[in-house]
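Secondary and tertiary structure notes
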Amino acid sequence: MKRYQPERVLLDSRAREWPLTGVILERLSGVPVEEVREVRPLIESLKNTRDPIGAGKRTLFLTVDEGRSFKPFPESEPYLSCDYFTLHVAEGCDLECSYCILQAYLTNPFLTVYVNVPEMLGNLERFLADHRERFFRIGTGQLSDSLSLDHITGFSEILTRFFSKQPNAVVELKTKSDNISRLLSLSSGGRTIVSWSLNRESVQKKEEHKTASLEERLAAAGKIARQTDHRVGFHFDPLVDSPGCESEYLAMIEKLFCEVPSEKIAWISLGCLRFMPELKPIMEERFPKSPLPAGEWIKGMDGKMRYFKPRRIELYAQLRDAIRSRAPGVTLYLSMESPEVWREVFGVEHSKESVCRMLDSAARAAKKDF
Ligand code: SF4
């Protein structure tokens with residue numbers, strides 16, 4: 001997989017004082033740097049170009065976070081959530097998945113990196129210390145890919161060192177890249193979970209542009225699982241339906257268990273493709289060859305477009321059986337589905353509390369002292 005290199009760096013003048021800025025500029029020596037006091041006018045003029053989203057990805061914007069970096073993952077009432085927290089060290093993604101929600105969600109198209117990470121982590125450390133009675137699962141992959149810029153930012157190292165010292169939290173680094181070289185030489189005591197979004201081969205090739213291939217992702221996961229004390233996770237999300245797609249998903253599951261020892265897997269999630277209606281015209285414009293916007297969709301209880309419920313249940317059940325036959329004890333959960341769908345798929349009642357308990361226990365599993 002080709003590593004990202006920006007065409008230019010925009011440097012917020014407030015970011016200059018942070019040591020990470022110097023480190024990043026050194027790693028990008030030769031890339032033109034433009035210092036700015038106010039980025040808004042540049043964002044506005046970018047919006048007048050033909051493809052602001054694509055153009056924005058070619059610029060790396062170094063700035064400082066103003067205290068909004070650590071948040072609960074937004075929950076959607078009718079669906080079971082799991083008390084997941086997000087840490088935004090970056091916003092935007094260099095990869096180009098046709099279905100990426102960020103295309104409709106982010107108002108700043110520049111690939112944004114927050115360099116005041118020590119300040120963010122200082123605040124987070126105090127928060128975790130003030131809530132020792134609770135356990136936290138925290139991820140960085142909600143508004144960006146956690147690892148695709150790691151050769152430039154080194155966030156995996158900073159975060160792994162930080163979380164290895166936190167008694168009541170784990171960090172999940174979620175990616176569609178194979179950018180794992182820093183992680184191979186680090187120890188996390190099981191408090192870093194490196195997870196991959198996986199899709200069947202034809203979806204990866206046609207819809208997940210610039211990402212690592214399925215083979216590259218699985219090879220990277222195998223290395224992490226065998227050569228480090230980090231654990232791995234997998235998100236079969238978004239599952240993309242098409243006639244006969246099951247056989248391709250089952251082949252993907254076979255490959256996964258050939259590459260990765262199941263005892264190193266913290267969790268596997270399943271989630272069918274869903275998107276806000278506002279994303280549809282953006283997908284049509286930016287990815288005219290993609291068949292996804294023209295699929296058969298119904299509006300879910302959260303306003304997002306989804307496949308029909310019986311079809312979602314059918315897909316989940318087939319993948320559940322394939323996963324359970326290879327790894328009966330692995331923690332398996334559904335992403336953004338109702339209690340009814342959970343019951344149909346797993347045959348038992350689940351609540352938000354039971355899902356949280358299951359995932360907390362999976363997160364703690366590697367270390368007895370959690
Ligand atoms: S890897 Fe994730 S964040 Fe990046 S483009 Fe794809 S869906 Fe969006």
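Everything below is about the structure printed above this text.
Residues numbered from 1 in each chain as written. Predicted model: local features only at pLDDT ≥ 70, side-chain atom pairs only at ≥ 80, totals over all residues. Heavy atoms only, no water.

1. Examining the packing of helix H10 (residues 214-227) against helix H11 (residues 245-259)
- Running from amino to carboxyl end, H10 crosses H11 at an angle of 30°, the nearest separation of the two axes being 9 Å. For the element pair H10 / H11, the angle class is roughly parallel. Here H10 and H11 pass one another in a crossing that is right-handed. Touching Leu214, Glu215, Leu218, Ala219, Gly222 and Arg226 of H10 are Met252, Lys255, Leu256 and Glu259, all from H11.
- Here the residues of the contact of H10 with H11 are counted per class, giving 5 nonpolar, 1 polar and 4 charged. (Axes fitted to C-alpha atoms, helices over the stretch in contact; angles between N-to-C directions. Helix = DSSP H or I, 4+ residues; strand = E, 2+ residues; numbered from the N terminus. Parallel < 35°, antiparallel > 145°, perpendicular 65-115°, else oblique. Left-handed = near helix turned anticlockwise from the far one by under 90°. Contact = heavy atoms within 4.5 Å. Nonpolar A, V, L, I, M, F, W, Y, C, P; charged D, E, K, R; others polar.)

2. With respect to the packing of aromatic side chains
- Scanning all chains against the criterion turns up 10 aromatic pairs.
- Between Phe70 and Phe85 the ring centres are 5.2 Å apart and the planes differ by 15°, which places this aromatic pair in the stacked class. Here Phe85 lies in strand E5 (residues 84-87) and Phe70 lies in strand E4 (residues 70-72), a separation of 15 residues in the sequence.
- Accessibility expressed as a relative area gives 23% for Phe70, which makes it partly exposed. (Phe/Tyr/Trp six-rings, centres within 6.5 Å; stacked < 30°, edge-to-face > 60°. Buried < 20%, exposed > 50% of the residue type's maximum accessible area, 1.4 Å probe, protein only.)

3. Quick word on helix H1 (residues 19-27)
- By the burial criterion, the buried members of H1 are Leu20, Thr21 and Ile24. One side of H1 carries all its buried residues, which in axial view fall inside an arc of 105°. Exposed and oriented more than 90 degrees from the buried face of H1 are Pro19 and Glu26. (Arc of directions from axis to C-beta.)

4. Remarks on the sheet that holds strand E3 (residues 59-63)
- Reading across from one edge, E2-E1-E3-E8-E6 is the order of the 5 strands in this open sheet, with mixed pairing throughout. Two strands bound the open sheet, and with one partner strand each, they are strand E2 (33-36) and strand E6 (90-91).
- In this sheet, strand E8 (residues 111-114) lies alongside E3 in parallel orientation, the contact comprising 4 bridges. The partner of Leu60 across the bridge, within E8, is Leu111.
- Strands strand E1 (8-12), E2, E3 and E8 of the sheet are contacted by H1, whose axis makes an angle of about 160° with E3. (Pairing = 2+ DSSP bridges.)

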